[in-house]
Amino acid sequence: AYFNGAVPGEPVKKDENSRRGNWGNQIEFVLTSVGYAVGLGNVWRFPYLCYRNGGGAFMLPYFIMLVFCGIPLFFLELSFGQFASLGCLGVWKISPMFKGVGYGMMVVSTYIGIYYNVVICIAFYYFFMSMTNLLPWTYCNNPWNTADCSGVVGSGHQLNASLANATTSLVAGVSEVVNRTKRTSPSEEYWKHYVLNISDDIGNFGEVRLPILGCLAVSWCVVFLCLIKGVKSSGKVVYFTATFPYVVLTILFIRGITLDGAINGIKYYLTPQWQKVLDAKVWGDAASQIFYSLGCAWGGLITMASYNKFHNNCFRDSIIISITNCATSVYAGFVIFSILGFMAHHLNVPVSEVADHGPGLAFVAYPEALTLLPISPLWSLLFFFMLILLGLGTQFCLLETLVTAVVDEIGTDWIIRHKTIVTLTVAIAGFLLGVPLTTQAGIYWLLLMDNYAASFSLVIISCIMCICIMYIYGHRNYFKDVEMMLGFPPPLFFKVCWRFISPVIISFILIFTVIQYKPITYNDYVYPGWSLAIGFAMALSSVICIPIYALYKISRSPGATFRERLKNACRSHPKWGPALQEHRTGRYAPMASEDTVEARPLKEKEELKEELKEEEKEKERKDEISLTIQGSNGSTNTHNNPNPSA
């Protein structure tokens, strides 16, 4: 894919095809794809959605959505981009009226790119703060701690240091448990009172947290420097970057399950709360997490797949990557909930009340576990380095997809030559738009964007894409395209899901989500109405691109009546199909020029005739330029030279 340095979205030339999708071997390709798909959404967003929706109550709809929507739509996007070798805007030659779906993907990627990098910058912050002999969230004797703080390491140390006062300490401890409504861990207070210094309202921005702002600048600089000349893979590096996170998670998991109370956290994680299973919001969260985690409707999957070889088995890749990605989410959930069970046991509170919701869950539970490991600063450095790797792997794709969209759409020589300037401009804009998220109210805005800008809009975009390909372009046509590309038709299960099951499930979830709509909250904080209005505006800003562009395309299409214009706007572009001439066989094989023209409406005939005439003139011009040079031995050498004076 683009990791080899090619320009995404650009039609493939014959001499480039040999290096497109050439990953050295299939294992490296899969590992790199897993590195893109497996991101912070697996170790951050999935556990907090489980935590918010009652643990096991979220797992059932999550797996149902994975089987009937996630994997089928993941395969659909991979095959879509690979067949045409075009990016998320160019592929809509399949039905030009629906190009607004591609623009909607760009808007969603913009929102995600803004707040995703803020989460990465917090990982950078914790990484830098781990460069010490003692992690600052280990004890409760810091200026930002409150009287409710109860540290695991600290309390044990104090108890052993004063055996003579053991009885007094025990009585005081019992009294403390009775008097306090809730005790908090030092890692939670470090997150809330020191890192965020969170305000009391989403409208109360307070001050910019300068350390977070500095880390945000570092994060955007790293992303930009890695994308100056495109993201390139050195082949064997993916063996480390894709497997290292699993090593760290395994170490934390082994440590977590050996802690007191860990089994209670795992029970909470696996036990369904059946009253919540009937809640439409739980199903909506499961659907949005599947799309968020797999990267569906972001535009990145189509862009990456456009660099595969035409006959690459993307069906096998989609199964491997989807299952590995979601298995990682479930594995990360075991790690977090074993730690939450221990924290609940120590703090003497229910598992559901042990920590904040949102991204804070990952920055509270994981750091708490790190303090329990020997040489904890070292493991903390490795863990947050892992988070940075996970985040940057996805952020690279987001930024490169946005830059590609700008370059492909404008397409001028200056833009193509100065792609680095476009990348820098997008990075600077992303940094500036992320500044409000580094204020004291930033966490409120981050959750607002996550719940609205990158939630059900992903589901709507994927649903419309599926309907367009199956019913506007035609399911039979697409099945033949996939068979031409892979050598076998899509399995029956995927055919049924694409045509019926996936769109129906998504439609029902959207309907019931509207009926049972509940405003988002952050712990006990209820978002005001004006902030929810902004959230809905962000969600609709990506979806509204679809009807707006459709109306625009219809108005510009030839035809005397609206029906004719609509029909012409939906018809596939003449250049739709495989990018390389050698792959354009069967119904994509070149036809006689007059036959091609006669099959089109009058205005389109004239346009095609003009194109054919220009191609003939170009061919004649090249023939004239061809110089016949008489050799010294009397032989004739013919050279096609683009310069007549050569």
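Where an unreviewed UniProt entry is consulted, the chain appears under the name Transporter, with the organism given as Mastacembelus armatus. Its UniProt record, at the heading Subcellular location (unreviewed entry), says of the chain: "Cell membrane". Checking UniProt for the chain, the heading Catalytic activity (unreviewed entry) contains the comment "glycine(out) + chloride(out) + 2 Na(+)(out) = glycine(in) + chloride(in) + 2 Na(+)(in)".

1. A word on the state of the cysteines
Across all of its chains, the model carries one disulfide by this definition. Note that Cys-140 is cross-linked by a disulfide to Cys-149, the S-S spacing being 1.9 Å. Here the S-S torsion is close to -70°, and the disulfide linking Cys-140 with Cys-149 is therefore left-handed. Residue Cys-140 is classed as partly exposed on the basis of its relative accessible area, which comes to 25%.

2. Description of the nonpolar core
Here is a general trend for soluble globular proteins: nonpolar side chains tend to be buried in one another's company. Judged by nonpolar contacts, the single largest core of 178 residues is most densely connected at Phe-80, Tyr-126, Trp-191, Leu-340, Tyr-366 and Tyr-527. With 19 residues, helix H4 (residues 99-129) is the largest single contributor of residues to this core. Residue contacts for Tyr-366: discarding those within four places in its chain leaves Val-43, Leu-249, Leu-252, Ala-332, Val-335, Ile-336, Leu-361 and Phe-383.

3. Considerations on the packing of H4 against helix H17 (residues 376-410)
Contact geometry of H4 with H17 gives a least axis separation of 8 Å together with a crossing angle of 150°. Judged on the interaxial angle alone, H17 and H4 are roughly antiparallel. Here H4 runs over H17; the crossing is left-handed.

4. A look at empty space enclosed by the protein
Summed over all chains, the structure comprises six cavities of 30 Å³ or more. Estimates place the volume of the second largest cavity at around 80 Å³. Contributing to the lining of the second largest cavity are Val-118, Ile-122, Val-195, Leu-196, Arg-209, Ile-212, Leu-437, Thr-438, Thr-439, Gly-442, Ile-443 and Leu-446. Of all elements in the fold, only H4, helix H7 (186-196) and helix H20 (442-453) reach the threshold of two or more residues within the lining of the second largest cavity. Top element by residues in the lining of the second largest cavity is H20. It accounts for three residues. Of the residues belonging to the lining of the second largest cavity, the class tally is eight nonpolar, three polar and one charged.

Calculation notes
Residues numbered from 1 in each chain as written. Predicted model: local features only at pLDDT ≥ 70, side-chain atom pairs only at ≥ 80, totals over all residues. Heavy atoms only, no water. UniProt positions renumbered as here; feature names shortened; annotations may be inferred. Disulfide = S-S within 2.5 Å. Buried < 20%, exposed > 50% of the residue type's maximum accessible area, 1.4 Å probe, protein only. Core = buried A, V, L, I, M, F, W, Y, C linked by side-chain atoms within 4.5 Å. Helix = DSSP H or I, 4+ residues; strand = E, 2+ residues; numbered from the N terminus. Contact = heavy atoms within 4.5 Å. Axes fitted to C-alpha atoms, helices over the stretch in contact; angles between N-to-C directions. Parallel < 35°, antiparallel > 145°, perpendicular 65-115°, else oblique. Left-handed = near helix turned anticlockwise from the far one by under 90°. 1 Å grid on protein atoms, 1.4 Å probe; cavity = no way out; pocket = protein on both sides within 12 Å on 5 of 7 lines; lining within 4 Å. Points joined across faces, edges and corners; volume = space filled by probe spheres on them. Nonpolar A, V, L, I, M, F, W, Y, C, P; charged D, E, K, R; others polar.

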